[in-house]
2 protein chains.
Amino acid sequence: MTKKSTETTAPKNRSTTNKTVGVNDINNNDLSSTEILPVAGGGILDRRLFLKRSLIFTTATLITESSVEAAAEGISPTNSGQSPSMLKPGNTFSNYGLPSPYESQTIRWVSANAMADGNGVSWCPLHELEGIITPNGLHYERHHNGVPDIDPANHQLLIHGLVERPLTFSIDDLKRYPMESRICFVECGGNSNAGWNKRPVQAAAGHIHGLVSCSEWTGVPLSILLHEAGIRPNASWLIAEAADGVAMNISIPVEKAMDDAILALYQNGERIRPENGYPLRLLLPGWEGVTNVKWLRRLQLTDQPVMSRNETAKYTELMPSGKSRQFTFEMEAKSLITSPCAGQEMHGAGYYQITGLAWSGKGKITKVEVSADGGKTWADSELQEPVLSKSFTRFRIPWKWDGSLAVIKSRATDETGYVQPERDVLVKERGRHGYFHYNAIVSWEIAAEGYVSYVYA
Amino acid sequence: MTKKSTETTAPKNRSTTNKTVGVNDINNNDLSSTEILPVAGGGILDRRLFLKRSLIFTTATLITESSVEAAAEGISPTNSGQSPSMLKPGNTFSNYGLPSPYESQTIRWVSANAMADGNGVSWCPLHELEGIITPNGLHYERHHNGVPDIDPANHQLLIHGLVERPLTFSIDDLKRYPMESRICFVECGGNSNAGWNKRPVQAAAGHIHGLVSCSEWTGVPLSILLHEAGIRPNASWLIAEAADGVAMNISIPVEKAMDDAILALYQNGERIRPENGYPLRLLLPGWEGVTNVKWLRRLQLTDQPVMSRNETAKYTELMPSGKSRQFTFEMEAKSLITSPCAGQEMHGAGYYQITGLAWSGKGKITKVEVSADGGKTWADSELQEPVLSKSFTRFRIPWKWDGSLAVIKSRATDETGYVQPERDVLVKERGRHGYFHYNAIVSWEIAAEGYVSYVYA
């Protein structure tokens, strides 16, 4: 509950009679009777304020002493009787748990081709999630011809072409090899592509920007197997092929395969789910999703790319010049505020945490700035540890919303120094027909009534 | 790494005509025709060998040039026709994914009270998992009276007792507060307690040691809410109470609540599952599971512990002196080799990766040593980054098994300098009737035939 007596915090309104404090003043102070100076316009507060844990939020309900005893017994103003869950034994144990039925809104949103229902995407509900790990059941999907049913006992990986020794590996073979784990994101090259539209699409944040997810992947470094097969000197590409109904294939430079590519068998601890490539997925950290070939069955070493559908007709980008970019493997730095975000509603003026995700295919995120005045002023958010290369990074910053129209934005910088561009800069450089690799700053407009929508601002 | 050039590893089997190398010699060499010097008895190899990626494993199958074309088409010796998954479209998209039906063995193993089926545990199958994240469906369970069905719209948290302002919070209230995420383990105080038995229990590793799991938890730092309620100077304990059928409760020192306690709402990105405390769980990083109260409904500030069943009759440890230890909150450093491990079988002599998990309730793991000769000699394993405080840490080390009887062990050290004890040391100090907090070194015996079993060695 706010303790301020008469005035508000936004700089223009700041009362000169109230005591005002900055973040360094508050270490041992109770801020309940003070004002806090913002560090950027629109009420953005110093990121370290939360660490001081001295803000008074407005959402708790003070209850009278006389009601405490009833509340302690489970009888509260909203519970006229004792909590029903305390009146009987609960459900029994389960071999494999599922989300609460009260969370039935937290699902992937499917958008498939009406004429070919195995072709399309399902969107990860980033606006319902927290932290950096995407639970396996909600990892986004992109399938070209559905999810194949593969018995791992009959699945093999073939490595052939320009190698000294063509080899096949069963899944049991692969499980015996040394493994490594890394937390990293996978993002579809087409994620956020509604941003190329002339007008902003109105949908929940995850339904626009949710073709990206982040997991702990574990598997065998591909370099070990390529060494074992023996790469011939003239081999410069690998053609990776899936065991799905279209034999989805794509070309990958040998340098990436020898760098950090993983033949992933596990996702967040358990074996990969069918829709994420069971029993075997090629993981290319930081590279566009389509190169992370699922249901991997074949790696052919060649001296040139195969020029498959998914590196010519698709996953290339038409530039304003009329030429197309091709082999744009690395996903550029990007960020997204997931709370508050489009599709959510505010609960009145007061303190909020602005939080979201940032990621870069080129390495670590080094900075995420947040603006609450449409980009006029910015402040550094707190990056949650651990900050990992080619992984989601969660950022957080406190905000005091004054209840008037506001536009909030986030802007990521990665360790190469690359800064996420504003939309007009991106559109100027790339036109509006590139379709892929849209990574512009996302702006959410918060109406005075509290509704949050997607705007170009 | 040892540089000795003429001595050996796997002494009895080594060919004296083969070249021998140490890890620093192999950077640009093909090791296929050489021997590698071990760094400890029984064939333990330098942890950096995997990084060199020059070991030749024995599990791939070399196929003839004439068979390659058929294999590339999906026709392999084990597939007389083309891969069935490539001959038809796959399954369609799903709102919420599930594991492959071919992984039906990767489940929690339920051990409930036959007279009261909501009282017991389910074991996490650590022997089937990789990495450090436990998927939500497989997080271990410990329930005292089943899993309550709680509608979050009717659930409230009450903070009362020795506070300035008794407060209640709805789940929607809590969602508006600043949050933080951390990856940390939760371990039942009774985990591994079969180790107190006179003879080692023969079961899969997770069914003996799997009352521990590790997730990314996200929620509101408890200190923020306690500050808001205002802790009175004489408040030294909190009584945390659950909304289950037994109103499970336990006493927690205020210092821990103000340090790193979190009111967790999310687990691995999504809302906490019912069996893990939906809609709200108290998370006390590094402290025994029973203090991480699920279905949290009440925190009462007091000047003394409540002396509940779960801190007197249970979760206390009878010592050889006849007295009991009480309030043993922190889980001591521990480690477990998860591959190879009890319940698994080896596939013949050759190179293997020994891998497992280490954790400590007192901070970061700084070292995990591995022995393959029953503890006579040890070598440092590789700790997988990121190494986080009060989290699972995955360790890995290469091993060349010579196919004879072997006993493998792991020994964890944490940042306080504490070293995981051998079983005889632990039993001498604590007796065999303590029941809780068993953290001795685990020994797996590998028979010449390849079967792995639990031994005291």
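Cut-offs and rules
- Residues numbered from 1 in each chain as written.
- Chains lettered and ligands numbered in written order.
- Predicted model: local features only at pLDDT ≥ 70, side-chain atom pairs only at ≥ 80, totals over all residues.
- Heavy atoms only, no water.
- Helix = DSSP H or I, 4+ residues; strand = E, 2+ residues; numbered from the N terminus.
- Buried < 20%, exposed > 50% of the residue type's maximum accessible area, 1.4 Å probe, protein only.
- Contact = heavy atoms within 4.5 Å.
- Polar contact = N/O pair within 3.5 Å; in protein donor to acceptor, adjacent residues only side chain to side chain.
- Phe/Tyr/Trp six-rings, centres within 6.5 Å; stacked < 30°, edge-to-face > 60°.
- Lys NZ or Arg CZ within 6 Å of the ring centre and 35° of its normal.
- Buried area = accessible area lost by both parts, 1.4 Å probe.
- Salt bridge = Lys/Arg side-chain N within 4 Å of Asp/Glu carboxyl O.
- Nonpolar A, V, L, I, M, F, W, Y, C, P; charged D, E, K, R; others polar.
- Pairing = 2+ DSSP bridges.
- Least-squares fit on C-alpha atoms with pLDDT ≥ 70 in both.
- Disulfide = S-S within 2.5 Å.

Our focus in this paragraph is the side chain of Thr168(B). Structurally, the position occupied by Thr168(B) is in strand 8 (residues 167–170). Thr168(B) sits in the buried class, given a relative accessible area of 5%. Setting aside chain neighbours within four positions, we find Thr168(B) in contact with Ala60(A), Thr61(A), Ile63(A), Gln156(B), Leu157(B), Leu158(B) and Asp173(B).

Okay, the environment of Thr316(B) next. Residues and elements named next belong to chain B. Mapped onto the elements, Thr316 comes out in the loop between strand 16 (296–302) and strand 17 (317–318). Each C-alpha atom, one on Thr316 and one on Tyr456, is 25 Å from the other, the two residues being 140 residues apart in sequence. Residue contacts for Thr316: discarding those within four places in its chain leaves Glu311, Arg325, Gln326, Gly434 and Phe436. Within the local environment of Thr316, its side chain forms a polar contact with the backbone oxygen of Thr312, the two atoms lying 2.8 Å apart.

Following the criterion strictly, the structure yields 30 aromatic pairs over all chains and no others. By the ring-pair criterion, three or more aromatic residues cluster together here, those being Trp237(A), Trp287(A), Phe327(A) and Phe329(A). Here Arg423(A) stacks its cationic end above the ring of Tyr456(A), 3.7 Å away from the centre of that ring. Stacked on the ring of Tyr266(B), the Lys or Arg Arg271(B) has its end atom at 5.7 Å from the ring centre.

Let us look at unusual backbone geometry. Across the junction of Glu385(A) and Pro386(A), the peptide omega takes the value -5 degrees, indicating a cis bond. The topology assignment puts Pro386(A) in the loop between strand 23 (382–383) and strand 24 (393–401). Along the chain, Tyr278(B) connects to Pro279(B) via a cis peptide bond; the corresponding omega equals 10 degrees. Tracing the backbone shows Pro279(B) in the loop between strand 14 (270–271) and strand 15 (281–283). Although it is not a glycine, Asn268(B) adopts a positive phi angle of roughly 50 degrees. Its location among the elements puts Asn268(B) in the loop between strand 13 (262–267) and strand 14.

We now examine the interface of chain A and chain B. At the junction of the two partners, chain A supplies 127 residues and chain B supplies 126 residues. Together, the buried faces of chain A and chain B total about 10,500 Å²; carbon and sulfur atoms form 56% of this surface. Summed over the shared surface of chain A and chain B, the result is two salt bridges. Two residues, Arg271(B) and Glu103(A), come together in a salt bridge whose shortest N-O distance is 3.3 Å. Our enumeration of links across chain A and chain B arrives at 51 residue pairs in polar contact (both at pLDDT 80 or more). It is strand 5 (residues 116–123) of chain A that contributes the most residues to the side of chain A that touches chain B, six residues altogether. Split by residue class, the side of chain A that touches chain B holds 53 nonpolar, 45 polar and 29 charged. Examined bridge by bridge, strand 3 (residues 61–62) of chain A and strand 8 of chain B share two bridges and lie antiparallel to one another.

Let's shift gears to the relation of the copies chain A and chain B. Aligned on chain B, chain A shows an RMSD of 0.0 Å; the corresponding rotation is 180 degrees and the shift along the axis is 0.0 Å. In short, the pair behaves as if placed about a two-fold rotation axis. Interface residue correspondence from chain A to chain B reaches 99%, placing this contact among same-surface, isologous pairings.

On to the sheet that holds strand 25 (residues 406–414) of chain A. All names here are of chain A. As summarised here, the arrangement of the five strands in space is 22-21-25-26-27, forming an open sheet in which the pairing is antiparallel. Looking at the sheet topology across the chains shown, the edges are occupied by strand 22 (379–380) and strand 27 (452–455). Sheet analysis places strand 25 next to strand 26 (residues 443–446), joined by four bridges and oriented antiparallel. Note that in strand 26 the partner of Ile408 across the bridge is Trp444.

Bringing the state of the cysteines into the picture now. Residue and element names in this part refer to chain A. As enumerated under the stated definition, the model contains zero disulfides over all chains in all. Not engaged in a disulfide, the cysteine Cys124 finds its nearest cysteine sulfur in Cys214; these two sulfurs lie 10 Å apart. Taking the relative accessible area as the measure of exposure, Cys124 reaches 0% and is therefore buried. Free of any disulfide, Cys214 has its nearest cysteine sulfur in Cys184, 6.7 Å distant.

Let us look at the pattern of salt bridges. Scanning all chains against the criterion turns up 40 salt bridges over all chains. Residue Glu275(A) pairs with Arg108(A) through a salt bridge whose shortest N-O separation is 2.9 Å. One end of the pair, Glu275(A), is in the loop between strand 14 (270–271) and strand 15 (281–283); the other, Arg108(A), is in the loop between helix 2 (65–72) and strand 4 (109–113), and 167 residues separate them in sequence. Across this residue pair, the class does not change: Glu275(A) and Arg108(A) are buried. Salt-bridge contacts for Arg396(B) lead to Glu130(B); the nearest nitrogen and oxygen are separated by 3.0 Å. With a gap of 266 residues between them, Arg396(B) in strand 24 (residues 393–401) and Glu130(B) in the loop between strand 5 (116–123) and strand 6 (141–143) connect regions that are remote in the sequence.

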